[in-house]
Every structure is written in structure tokens, then in C-alpha cells.
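Observations on the three-dimensional arrangement
Spelled out, the chains give:
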Amino acid sequence: MTTFRTALLVEDLPETRRWLGDILVEAFPGIAVSPAESLASARDVLARIRPDIALIDLGLPDGSGIDLLAGLRHLHPACECIITTIYDDDAHLFPALRAGARGYLLKEQPRDRLLARLRGIGDGEAPLSPTIARRLLRMFAPDTADGAPVQPDKLSPRERETLILIAKGYRLNEVADTLGVTRNTAAGYIKSVYRKLEVNSRAEAALAAARMGLIAPTL
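Please read these numbers as outputs of a predicted model, since none were measured by experiment. (Residues numbered from 1 in each chain as written. Predicted model: local features only at pLDDT ≥ 70, side-chain atom pairs only at ≥ 80, totals over all residues. Heavy atoms only, no water.)

Some remarks on the nonpolar core
One recurring pattern in soluble globular proteins: nonpolar side chains tend to sit buried together. The biggest cluster of nonpolar side chains holds 26 residues, and the ones touching the most others in it are Leu 8, Val 10, Ile 56, Leu 68, Leu 72, Ile 83 and Tyr 104. For this core, the secondary-structure elements that each account for two or more residues are strand S1 (6-10), helix H2 (39-46), strand S3 (53-56), helix H3 (66-75), strand S6 (80-85), helix H4 (90-98) and strand S7 (103-106). The element contributing the most residues to this core is H2, with four residues. Contacts of Val 10, omitting those with residues within four sequence positions, involve Ala 36, Ser 38, Ala 42, Leu 55, Ile 56, Asp 57, Leu 60 and Leu 68. In terms of nonpolar packing, the next biggest core, distinct from the first, is built from 20 residues, Leu 165, Val 175, Ala 206 and Ala 208 among them. (Core = buried A, V, L, I, M, F, W, Y, C linked by side-chain atoms within 4.5 Å. Buried < 20%, exposed > 50% of the residue type's maximum accessible area, 1.4 Å probe, protein only. Helix = DSSP H or I, 4+ residues; strand = E, 2+ residues; numbered from the N terminus. Contact = heavy atoms within 4.5 Å.)

A look at the pattern of salt bridges
A side chain with one charge may pair with a side chain of the opposite charge, provided their charged atoms come close. All chains considered together, the criterion is met by seven salt bridges. With its nearest N and O atoms 3.9 Å apart, the salt bridge here joins Arg 119 to Glu 26. Here Glu 26 lies in helix H1 (residues 14-27) and Arg 119 lies in helix H5 (residues 111-121), a separation of 93 residues in the sequence. We classify Arg 119 as partly exposed; its relative accessible area is 40%. With relative accessibility at 35%, the residue Glu 26 sits in the partly exposed group. Here Arg 102 makes a salt bridge to Glu 80, at a shortest N to O gap of 3.8 Å. With Arg 102 in the loop between H4 and S7 and Glu 80 in strand S6, this pair connects stretches of sequence that are 22 residues apart. (Salt bridge = Lys/Arg side-chain N within 4 Å of Asp/Glu carboxyl O.)

Given below as C-alpha cells:
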């Protein structure tokens, strides 16, 4: 079982920082937690300690926690770097994993679930929130229930255009303006795309578009 003696905790909100610090101490009795509220203060802490584990927020006053990850992994490759955040979308998840995060936990989870995820590290479990684990599994799942990949010709030309736009992050008004149609017509296209692809979110639609070769994949 892995033993963690020192921890870096990067979180700008004081109450959340105390809360996460308490969970770390409960998960790993005797651990010394060094808190930081920004990238700058985290780098100051790293000049003094060699952390075994790091909990890193993404939205910090002076940048993103992702900016800290690469340097931390270079300095201390054995450090268990875990993102703790409110963001559960692909735009935050995949860059964090590419930067070297070994876990991704959502702070909105109940305390006991976060505690269980951290304790599981000692048994070799990946610290992932359930919704994040499901999102990653969908990356490798068949596109339909029978295992057949979704083909672009399943959509009409207008629907393919709509899919490309929403996959690129366009909102309803922007889709309508780009296609030269009304908001109601654009909303109808989006609804049809979601129904045909059997997806429920913009992130899932973007993943389907990548698999169909309509946009560059994000991972």
C-alpha cells in the first residue's frame, strides 16, 4: 500500500481548501498538508517540499492548474497529481490528462465519496469521479448499441453542418446565424442530431463528430 507523507493542496477558496485538507488528513493519517491559493504560491511551496500527492484546482486567480501540472510532474515524477475541480467537460478533462494528471475528482461529490476515492489510491485504484470514469469509457465504446459505428450519411447535409458547428462550441444563436436560418429551425436541427446520434450533451455530440471524421479529435 502506498504511503503519502506530504501533500500539496492548491485551492483558492479558503473554505474548500480547509475541507479538502481535512479529507486528505483523514484519508492519509499523519500526512503534512501544504496549502496554496494560487499558481505563484504553489510554486513557492514546491521550492520547499517534495510532495507525494497533490490536489490541484483548475480555476485559480493567476491561471489554470494545468499550467502547474507539467512542471510538477517534471520536478517530482512520482507525485500523485490529482485535479479537484467543478468542471466535468471534455475541454478541461482531456488537457488535464494530457498534462499528466493521474486522477480527476469533482468537488461537488459528497465528502465520503471523495474520501473513498483518495483512500483507493493506496490500493492502486485510479482516483476518478464516476461521471468522469463513464466519460472516459465512452471514448472507447461503440457508437451504437449494436456496435456499428455511426456513419456521416445517417445525418442530412444540414444536420452534418449543425453537428460540426455545435462540436466547435457554437451556441444556438451562432448556429442559426451561420446556417442562415431561424433559431427555431436551428433548434430543430440540433434536436434531430441528438436524436439520430443518441447523445444527450454537446460534449457527446463533439465526440461523435470526431469519430465520424467531421472534426479533429480532442484526444
